[in-house]
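Inside the fold
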Amino acid sequence: RPFHVEPTNIVSVNDDMQRVTDEASAMNKRIHYYSRLTSPADRALIAPDHVLPAPDEIYVYSPLGTAFKVDSCTDGYGKNSSLVTIFMIWNTMMGTSILSIPWGIKQAGFTSGVILILLMGILTLYCCYRVVKSRQMIPLPDTSNWEFPDVCKYYFGSFGQWSSLLFSMVSLVGAMVVYWVLMSNFLFNTGKFIYNFVHDINVTDIVPGTNGSNKVICPSAASDHPPQNRTVMFSSGNRTGFELFEEWWDKSKTVPFYLIAVLLPLLNLKSPSFFAKFNVLGTVSVVYLVFLVTVKAAHLGIHLEFNWFTENEFFVPEFRILFPQLTGVLTLAFFIHNCVITLLQNNRNQENNVRDLSIAYFLVGLTYLYVGVIIFASFPSPPLSKECIEQNFLDNFPSDDIMSFVARIFLLFQMMTVYPLLGYLARVQLLRQFFGNAYPSLFHVLILNLAIVGAGVAMARFYPNIGGIIRYSGATCGLAFVFVYPSLIYMISLHRAGQLTWPALIIHIFIILLGLANLIAQFLL
């Protein structure tokens, strides 16, 4: 008797087989991506356990060093929902730039600062959209595993390959330098708070500031005062111990060197994947910063006065010639272009990529706008001038401020876990290009890490201005990945298809010129 199979059962079996095939395909693509980041001898990014999709969890790792675990957010077949995709992009873009946004608004003027945040968000989103589409416009059968540097190599040959490597290294090393400066700052203030608290010491520096429990200070105004102009009250201990502590615990002369003992050994590890488990602290830190800003603003109130072109003692004009300093910071603040293809390739519904990318950019811009506007508007002017807003807005709160102390602790620990990951990515990209191996020997790795750490220490010692470092590195790497390459690739693709029009040509040449002007202006202002 012949075996009878219902048609519905056949459909069910075919659906199951298709799902297994889709799952295997997605897994192979992800394994292939990880294997291309490192050599066969180095297992740090080769198909780790969290690449295998599980029904209830998935780990997300981006090329910028952000890793986090998302529970119950996949369909069980290696695909992410739109909500997870949006969160991944938001979480990757939110970084140290948020600390300099209020300073950037001050440099540009309040009104022009708000406008520039909106315009730069729209412009970088459009260029990011062009990056996503660039791979789809290549007339080859399979480019599903290509990243943006592969696209640059296809269009520009070895020049595209090496130049994309150069600018990618600029972004990575620039981020590591900023991290070192900030870690030195946070470690210094944390150590100072703990020492003063343990020894019950009350130190009042000759620094302009407000009175009351929500004190705001102006550290830049204290540069004209010698360090001995202070009042020190000792409830216990002696003056000698305090002076010795201040000698050996200096923000720029000693603390940056102390970090070497902790971070240099971590950079030399073959596999830093352990630290990826802690990167969720980045999200916690951003959420806490938003909470801190909200609470501080509620206590300080709003202090705004609109002077459109004139400057007075306490307020800055609404439009200032220094506005390119903000655009340089924003270029890095909205920078995700060298890894956006990776973040979007596992989106469950590929047709929603543009929508999800736009929502993520909107949320990032909203976060930057909220923090920047609230800090600028609530900064107490008078008695302090808006010019007192620091490049790291946490520096406007004294080291004994409890909420700022908690924020510095969060950020310090989060940066110390991300720093080895950034160093590993720099090592993989650079050493593999020259030696074909991400870990050719301990000597090679040590030399590279000493150079990177040395750059961070030098900057923390002689140029601890994170706003300046961010805008220089942002404008430099942004020139290639945000403005030039996406526009050129789009114009070349249209030209080869015979679809290039004069309006498209003019618009994208104008975008390239904007990026070039943005970079040049950083060195003129």
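What counts as what
- Residues numbered from 1 in each chain as written.
- Predicted model: local features only at pLDDT ≥ 70, side-chain atom pairs only at ≥ 80, totals over all residues.
- Heavy atoms only, no water.
- UniProt positions renumbered as here; feature names shortened; annotations may be inferred.
- Helix = DSSP H or I, 4+ residues; strand = E, 2+ residues; numbered from the N terminus.
- Buried < 20%, exposed > 50% of the residue type's maximum accessible area, 1.4 Å probe, protein only.
- Polar contact = N/O pair within 3.5 Å; in protein donor to acceptor, adjacent residues only side chain to side chain.
- Contact = heavy atoms within 4.5 Å.
- Patch = residues over 30% accessible without salt bridge, like charges linked within 9 Å, V, L, I, M, F, W, Y side chains within 5 Å.
- Areas by Shrake-Rupley, 256 points an atom, 1.4 Å probe, with all protein chains shown as cover.
- Salt bridge = Lys/Arg side-chain N within 4 Å of Asp/Glu carboxyl O.
- 1 Å grid on protein atoms, 1.4 Å probe; cavity = no way out; pocket = protein on both sides within 12 Å on 5 of 7 lines; lining within 4 Å.
- Points joined across faces, edges and corners; volume = space filled by probe spheres on them.
- Expected span 1.5 Å × (residues − 1).
- Core = buried A, V, L, I, M, F, W, Y, C linked by side-chain atoms within 4.5 Å.
- pLDDT = per-residue confidence, 0-100.

Going by what an unreviewed UniProt entry lists, the protein chain is known as Neutral amino acid transporter 9 and is assigned to Pheucticus melanocephalus. As stated in UniProt under Sequence similarities (unreviewed entry), the record for the protein chain gives "Belongs to the amino acid/polyamine transporter 2 family. SLC38A9 subfamily."

Thoughts on the side chain of Ser-112
Take Ser-112: it is sitting in helix H4 (residues 110–136). Since its relative accessible area comes to 10%, Ser-112 is described here as buried. From its side chain, Ser-112 meets the backbone oxygen of Gly-109 in a polar contact 3.2 Å long. In this structure, Ser-112 is in contact with Glu-318, Phe-319 and Arg-320, ignoring residues within four places of it in sequence.

A closer look at a nonpolar patch on the surface
Together, Ile-115, Leu-119, Ile-122, Ile-302, Leu-304, Phe-306, Trp-308, Phe-309 and Phe-319 make up a nonpolar patch on the protein surface, roughly 950 Å² of accessible area in all. Since its relative accessible area comes to 67%, Phe-309 is described here as exposed.

Focus on empty space enclosed by the protein
For the structure on display, the rule yields three cavities of 30 Å³ or more. Empty space within the second largest cavity amounts to approximately 70 Å³. Val-216, Lys-296, Leu-300, Ile-375, Ser-378, Phe-379, Phe-393, Asn-396 and Phe-397 together form the lining of the second largest cavity.

Description of helix H15 (residues 502–524)
Look at H15: 32 Å from first C-alpha to last across 23 residues, which is about the 33 Å you get at 1.5 Å a residue. Within H15, burial applies to Ala-504, His-508, Ile-511, Ile-512, Gly-515, Asn-518, Leu-519, Ala-521 and Gln-522. Buried residues along H15 sit against H4, helix H9 (324–333) and helix H14 (466–496).

Structural notes on the nonpolar core
For soluble globular proteins, the rule of thumb is that nonpolar side chains tend to be buried together. One finds Leu-99, Met-183, Phe-393, Leu-394 and Tyr-419 to be the most contacted residues of the largest nonpolar core, which totals 129 residues. At 20 residues, helix H5 (residues 148–198) tops the list of elements feeding residues into this core. Discounting residues that sit within four places of it in the chain, Leu-394 has contacts with Leu-99, Phe-186, Leu-289, Leu-292, Ala-407, Arg-408 and Leu-411.

Observations concerning the confidence of the model for the protein chain
Taken over all residues, the pLDDT of the protein chain has a mean of 81, while the share at 70 or more is 81%. Within the protein chain, the lowest mean pLDDT, 35, falls on strand S1 (residues 57–61), and the highest, 96, falls on H15. Per-residue pLDDT stays below 50 along residues 1–74; that stretch engages in 125 contacts with residues further than four places along the chain or on separate chains.

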